[in-house]
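Structural characterization, general
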Amino acid sequence: MLHYQENVSLLPYNSFGIDVRTRQFVEVQNLADLKTVLAAHRHHAFRVLGGGSNMLLTKDYEGLTVQLNLKGIEVIQETEQEVWVEAQAGENWHFFVLWCLEQNYGGVENLALIPGSVGAAPIQNIGAYGVELEAVVQQCNTLEVATLEAVTFQRDKCAFGYRESIFKNQEKGTFIITSVVFKLQKAPHQTHKEYGALKTLFGDKNPSIQEVAQAVINIRQSKLPDPKYIGNSGSFFKNPIIAEDQFKRLQKNFPQLPFYPNATGYYKIPAAWLIDTLGFKGYREGDAGVHENQALVLVNHGKASGSEILTLSKKIQNAVQEKFEISLETEVNIL
Ligand SMILES: Cc1cc2nc3c(=O)[nH]c(=O)nc-3n(C[C@H](O)[C@H](O)[C@H](O)COP(=O)(O)OP(=O)(O)OC[C@H]3O[C@@H](n4cnc5c(N)ncnc54)[C@H](O)[C@@H]3O)c2cc1C
């Protein structure tokens, strides 16, 4: 039974801990209910909520917030080496990773402890410790909002990029991801341990997927603020990617500038370094702040409003633009 609630606070539903309200709220547990809700509301304002860990809510919402709670994880095909697993959109991402580790299926271990839902994971092609989701996605199953038809996107149609996908850009709001099919590896696994801290930890060793996941969990717990204690949405900004001529100019002025060249001749610059260099680490305006150890993470020290955090983020963007002539894009969805 669908239970519509009126005038609901979204405080418990977003990791930034912002207290705004939605005019209506409904939780859906299955595809049939999702279709019923969409059939009644697709011509009115509505939006989908997963774990609320990648959004900054800046004002009350005059529409319907639909929390996707579709559950289930199922093996749909396997060979001796590989397995195809379908996970429903409302499954918690980290729970799904733990499930894979229990079955000894490899591929998602570097993505352990990322908050949020399975259904939102492809939206920004979640990534951490040298692995991005696109490496393991086989297909995204969706519901087209306008027609209520099921539409499947094979991986090569998802336009995955760095914290990007077709669902965050060209087709934003057109499709709701209802489940994701992952192609995972059975043992023996090939683990990814090239990334900084993992490389230092494992060196030439050949860790199991469980050991990699545990290492990732330990590193994340020691470095990243837990939204249970301090509101945040992880990295607030994307790392900018700049062309070679701009990079050369910058490097001349800032010889310490860290950089990662990519295969297409562009350079990825750590946004955290830019923000830190400007002295923003630990900076605070009321309850809106920059984390004291992670310059890329904006935090809510208590009762900050979404617009206060947004104002701070714009101040940082302007300062970065002025000093480095780099336009910082937000990774978090501003709503
Ligand atoms: C402490 C912390 C650490 C983090 N670390 C990382 C990290 O290492 N790497 C990384 O990539 N991200 C990271 N994130 C960001 C976040 O966890 C991911 O982006 C995650 O995938 C968001 O999932 P969610 O369910 O919470 O999405 P939500 O915040 O609920 O939604 C995000 C957007 O997707 C839309 N959406 C949600 N579900 C669906 C769906 N099923 N179909 C269509 N649209 C949908 C929403 O409308 C919204 O626009 C971190 C966040 C926090 C708080």
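Please read all numbers here as calculations on a predicted model, not as lab measurements.

The rules behind the values
- Residues numbered from 1 in each chain as written.
- Predicted model: local features only at pLDDT ≥ 70, side-chain atom pairs only at ≥ 80, totals over all residues.
- Heavy atoms only, no water.
- Domains from an automatic or database assignment.
- Contact = heavy atoms within 4.5 Å.
- Buried area = accessible area lost by both parts, 1.4 Å probe.
- Salt bridge = Lys/Arg side-chain N within 4 Å of Asp/Glu carboxyl O.
- Nonpolar A, V, L, I, M, F, W, Y, C, P; charged D, E, K, R; others polar.
- Helix = DSSP H or I, 4+ residues; strand = E, 2+ residues; numbered from the N terminus.
- Polar contact = N/O pair within 3.5 Å; in protein donor to acceptor, adjacent residues only side chain to side chain.
- Near = heavy atom within 4 Å.
- Areas by Shrake-Rupley, 256 points an atom, 1.4 Å probe, with all protein chains shown as cover.
- Pairing = 2+ DSSP bridges.
- Buried < 20%, exposed > 50% of the residue type's maximum accessible area, 1.4 Å probe, protein only.
- Arc of directions from axis to C-beta.
- Expected span 1.5 Å × (residues − 1).

1. Quick word on the domain arrangement of the protein chain
Here the protein chain is partitioned into domain 1 (5–68), domain 2 (73–223) and domain 3 (231–334). On a C-alpha basis, the centres of domain 2 and domain 3 stand 26 Å from each other. Contact with domain 2, which involves seven residues of that partner, is made by eight residues of domain 3. Across the domain 2 to domain 3 interface the summed buried area is about 660 Å²; carbon plus sulfur atoms make up 39%. Summed over the three residues of domain 2 that lose the most area to domain 3, namely Y162, K168 and K223, the buried surface amounts to 67% of that side. At the junction of domain 2 with domain 3, the criterion picks out two salt bridges. Across the salt bridge formed by E331 and R163, the nearest N and O atoms sit 3.9 Å from each other. Classifying every residue of the side of domain 2 that touches domain 3 gives one nonpolar, one polar and five charged.

2. Comments concerning the side chain of N69
Within the fold, N69 resides in the loop between β5 (61–68) and β6 (73–78). Sequence-distant contacts of N69, defined by excluding residues within four places in its chain, comprise E27, V28, Q29 and G90.

3. So, the environment of E78
Within the element layout of this structure, E78 appears in strand β6. Along the primary structure E78 and K228 are separated by 150 residues, whereas in three dimensions their C-alpha atoms are 38 Å apart. Non-local contacts of E78, meaning those with residues more than four positions away in its chain, are made with V83, W84 and K186. A polar atom in the side chain of E78 sits 2.6 Å from the side chain of K186.

4. With respect to the site of the ligand
Looking at the ligand, there are 33 residues lining it, with V48, G50, G51, S53 and S117 nearest. Here an oxygen atom of the ligand sits 2.8 Å away from a polar atom, N or O, in the main chain of N54. Within the side chain of R220, one N or O atom sits 2.8 Å away from a nitrogen atom of the ligand. Protein chains shield 92% of the accessible area of the ligand, which is 980 Å² for the free molecule. Elements that contribute at least two residues to the shell around the ligand include exactly β3 (46–49), β8 (127–128), β12 (175–185) and β13 (231–235).

5. Describing the sheet that holds β13
The sheet built from four strands is open, its strands ordered β13-β19-β18-β17 with antiparallel pairing. Among the strands making up the open sheet, the edge pair consists of β13 and β17 (284–285). Looking at chain direction, β13 and strand β19 (residues 297–300) are connected through three bridges and run antiparallel. From the neighbouring strand, N232 faces β19, where its bridge partner is V299.

6. Some words on helix α5 (residues 244–253)
In an α-helix, one full turn covers 3.6 residues, which means residues spaced three or four apart are oriented alike. Every buried residue of α5 is listed here: Q246, F247 and L250. Summarising the axial view, the buried residues of α5 lie within an arc of 100°, below the 170-degree limit, and thus occupy one face. Turned more than 90 degrees away from the buried face of α5, the exposed residues are D245 and K252. Buried positions along α5 lie against β14 (241–242), β16 (267–268) and α7 (306–324).

7. As for helix α4 (residues 209–223)
With 15 residues, α4 should reach 21 Å at 1.5 Å per residue; the first-to-last C-alpha distance of 21 Å fits that figure. The set of residues buried in α4 consists of I209, V212, A213, A215, V216, I217, I219 and R220. Where the residues of α4 are buried, they touch α2 (93–103), β8 and α3 (196–202).

8. Overview of the pattern of salt bridges
If you walk through the whole model with that rule in mind, you get 10 salt bridges. Put simply, R163 and E132 hold a salt bridge, and the shortest N to O gap is 3.2 Å. A residue pair is termed long-range when its members are at least 10 positions apart, and R163 in the loop between β11 (150–154) and β12 and E132 in strand β9 (residues 131–132) qualify at 31 residues. Accessibility expressed as a relative area gives 11% for R163, which makes it buried. Where K315 meets E285, a salt bridge forms, and the shortest distance between an N and an O atom there is 2.6 Å. One end of the pair, K315, is in helix α7; the other, E285, is in strand β17, with 30 residues separating them in the sequence. On the accessibility criterion, K315 (38% relative accessible area) is partly exposed. Put simply, E132, R163 and E331 are held in one network by salt bridges that share partners.

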